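Listed here are the chains, written in short residue letters.
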Amino acid sequence: MVYIVSWDDFVERSVQLFRNSPQNTRYVMKYRHSDGKLVLKVTDDKEILMENYYLGLHVMFNVKMFVFVFVLVL
């Protein structure tokens, strides 16, 4: 399991993971109320990428998530 600190690195590695194995790649979004953060996880069953977000950054997160999903669709 790899925790990635930078959003740009997370997006880059997630897209790379998806392009290498599009049939097996999936992602999970989980809110941890006790910590007040959102956990993002992308996996292809061989490699797991994770990143944590605190809800105070929700506006920036919404914009970046839109870009992330848009890149995955292409």
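Structure's up top.
Residues numbered from 1 in each chain as written. Predicted model: local features only at pLDDT ≥ 70, side-chain atom pairs only at ≥ 80, totals over all residues. Heavy atoms only, no water.

S.K.: Tell me about the overall build of the protein, and please be specific about residues and values.
M.R.: Secondary structure assignment for the protein yields two helices and four strands. Beginning at the N terminus, the succession of helices and strands in the protein can be written as β-α-β-β-β-α. Burial status across the protein gives 32% buried among its 74 residues. Accessible surface, the protein as shown: approximately 5300 Å² in total, 58% of it carbon and sulfur. (Helix = DSSP H or I, 4+ residues; strand = E, 2+ residues; numbered from the N terminus. Buried < 20%, exposed > 50% of the residue type's maximum accessible area, 1.4 Å probe, protein only. Areas by Shrake-Rupley, 256 points an atom, 1.4 Å probe, with all protein chains shown as cover.)

S.K.: Can you tell me about the pairing of strand β3 (residues 37-43), naming the residues and giving the values?
M.R.: Along β3, six of the seven residues are buried, which leaves the element largely enclosed by surrounding structure. With seven bridges connecting them, strand β2 (residues 26-32) and β3 associate as antiparallel partners. What sits directly across from Tyr-27, in β3, is Val-42. Linking β2 to β3, which pair antiparallel, is a turn of four residues; within it Gly-36 sits at a positive phi near 70°. (Pairing = 2+ DSSP bridges.)

S.K.: Explain the nonpolar core to me, and be specific about the residues and the numbers.
M.R.: Among the nonpolar cores identified, the biggest contains 12 residues, and these are Ile-4, Trp-7, Phe-10, Val-11, Val-15, Leu-17, Leu-38, Leu-40, Val-42, Leu-49, Met-65 and Phe-68. The element contributing the most residues to this core is helix α1 (residues 7-20), with five residues. Once residues within four sequence positions are removed from consideration, Met-65 is found in contact with Trp-7, Met-29 and Leu-40. (Core = buried A, V, L, I, M, F, W, Y, C linked by side-chain atoms within 4.5 Å. Contact = heavy atoms within 4.5 Å.)

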